[in-house]
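Topology and contacts: notes
Chain by chain, the residues run as shown.
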Amino acid sequence: MSQVFEPFPLAGTTLANRVVMAPMTRSRADAESRTPTELTALYYAQRASAGLIVTEGVQPSPAGQGYPATPGIHSAEQVAAWRRVTEAVHAEGGVIFLQIMHTGRIGHPSLTGLTPVAPSAVRAAGQVFTGEGPQDFVEPRALTGAEVEETVADFARAARNAIEAGFDGVEIHGANGYLVHQFLAPNSNVRTDAWGGGPEGRIRFAVEVAKAVAGAIGPERVGFRISPGNPFNDIAETDPADLEATYTALVDALAPLGLAYLHQMEAPGVRELLLRLRKQWPGAFVLNPFTAGSPTGAESLKLVEDGTTDLLSFGALFLANPDLPARLRAGGPFNAPDLTTFYGGDARGYTDYPPLGA
């Protein structure tokens with residue numbers, strides 16, 4: 001598997017290898033200021049041997065927060081706190097992108113004091129975890145046309161803040177049922193204006209966000225994440241023809257922008273579409289493959305070797321193995337992720353996973 005561990009040129013930046021740390025919510029930011037902490041800096045610095053780190057989802061505005069203790073990138077205090085993180089990662093030779101994540105209808109007024117916003121006033125089925133425990137999702141408020149434009153500007157402002165904080169780039173979160181994905185999906189976007197309707201209208205928000213962010217910081221510093229067919233957060237993209245039309249149109253519109261990469265989180269049953277999008281995309285392709293109930297592991301390295309993807313992202317396995325590239329090269333052993341410490345808490349299950357030889 002030598003190709004996985006060779007340097008890879010990514011839009012003018014040379015990555016040490018093709019192993020990517022996937023974005024993972026950890027809910028360990030300061031609860032009041034929504035700033036990353038000293039533990040956050042240590043957590044990412046421990047994992048700097050990744051070819052590329054993509055941070056947990058970071059809200060571009062107060063309205064973009066959907067979970068307790070998630071960090072923002074919309075205040076001067078947050079920018080300063082993130083700068084300590086990027087300095088720690090760069091000191092270890094790492095490359096780090098910040099993921100911009102607006103959760104849209106996935107949230108609750110008890111978290112922010114605000115009614116969640118969305119493309120349409122369609123409540124998601126299910127519950128969200130809050131400081132008072134799990135609560136039902138509420139009906140979101142549909143963004144006006146002017147507010148859609150303001151939200152696009154929020155993404156661009158967040159990207160500029162990320163570069164000020166020392167990040168090498170940003171990833172736009174267009175997956176997993178959050179705001180960008182809500183615009184893409186026909187069950188959460190029932191608008192009849194220019195931001196909805198058929199595939200061409202539903203992709204408009206995603207494309208305008210990408211254009212605004214690329215214009216703010218340069219396209220070579222921008223990645224984009226998608227998850228076609230992913231039902232998470234009550235997304236329904238169940239019509240195969242509409243799914244294909246939506247995502248091929250999206251990739252066609254993003255391709256000329258010259259973005260750093262396209263990052264696909266694979267949902268079950270979409271490998272054929274994945275391969276089509278991979279062929280359609282002109283730049284670097286990052287894949288987080290579907291692995292049926294287990295973390296992405298060493299067996300997925302063959303997807304780089306056979307050309308299915310250029311880079312491979314690992315979630316839970318990277319969470320539990322700070323030196324994952326070395327372990328993959330050696331064939332293990334691997335620490336097992338502790339699910340009970342995934343969200344919230346202190347150093348336990350965050351910065352205390354031992355490296356090889358410890």
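So, a few notes on the structure that sits alongside this text.

About the cut-offs
- Residues numbered from 1 in each chain as written.
- Predicted model: local features only at pLDDT ≥ 70, side-chain atom pairs only at ≥ 80, totals over all residues.
- Heavy atoms only, no water.
- Pairing = 2+ DSSP bridges.
- Helix = DSSP H or I, 4+ residues; strand = E, 2+ residues; numbered from the N terminus.
- Axes fitted to C-alpha atoms, helices over the stretch in contact; angles between N-to-C directions.
- Expected span 1.5 Å × (residues − 1).
- Buried < 20%, exposed > 50% of the residue type's maximum accessible area, 1.4 Å probe, protein only.
- Contact = heavy atoms within 4.5 Å.
- Polar contact = N/O pair within 3.5 Å; in protein donor to acceptor, adjacent residues only side chain to side chain.

**Focus: the sheet that holds strand β3 (residues 19-21)**
With parallel pairing, eight strands are arranged side by side around a closed barrel as β3-β4-β5-β10-β11-β12-β13-β14. Along the sheet, successive strands turn relative to each other by an average axial angle of 25 degrees, direction set aside. By the bridge criterion, four bridges tie strand β5 (residues 96-100) to strand β10 (residues 169-174) in an arrangement that is parallel. Bridge pairing links phenylalanine 97 to glycine 169 in β10.

**Overview of helix α4 (residues 145-164)**
For α4, with 20 residues, the first-to-last C-alpha span of 29 Å sits near the 28 Å given by 1.5 Å per residue. For α4, the set of buried residues is Glu147, Val148, Thr151, Val152, Asp154, Phe155, Ala156, Ala158, Ala159, Asn161 and Ala162. Contacts from the buried residues of α4 go to α2 (76-91), β5, β9 (141-142), β10, α5 (179-184) and α7 (204-217). Following α4 by one or two positions, glycine 166 has its phi on the positive side, about 100 degrees.

**A word on helix α1 (residues 38-46)**
Because the α-helix completes a turn every 3.6 residues, residues three or four places apart line up on one side. Among all positions of α1, only Thr40, Ala41, Tyr43, Tyr44 and Ala45 are buried. Along its buried surface, α1 packs onto β3, β4 (52-58), α2 and β5. The backbone nitrogen of leucine 39 lies 3.3 Å from a side-chain oxygen of the residue at the head of α1, namely threonine 37.

**So, unusual backbone geometry**
Here the bond from glycine 332 into proline 333 is cis, since omega is 0 degrees, no more than 30 degrees from zero. Along the chain, proline 333 falls in the segment after α12 (324-330). Of note, alanine 11 is a non-glycine position whose phi angle comes to about 50 degrees, a positive value. Along the polypeptide, alanine 11 turns up in the loop between β1 (8-10) and β2 (13-15). The exposure class of alanine 11 is partly exposed, given its relative accessible area of 37%. We note that alanine 292 has phi near 50 degrees; this positive angle belongs to a residue other than glycine. Its place among the elements puts alanine 292 in the loop between β13 (284-288) and α10 (302-305).

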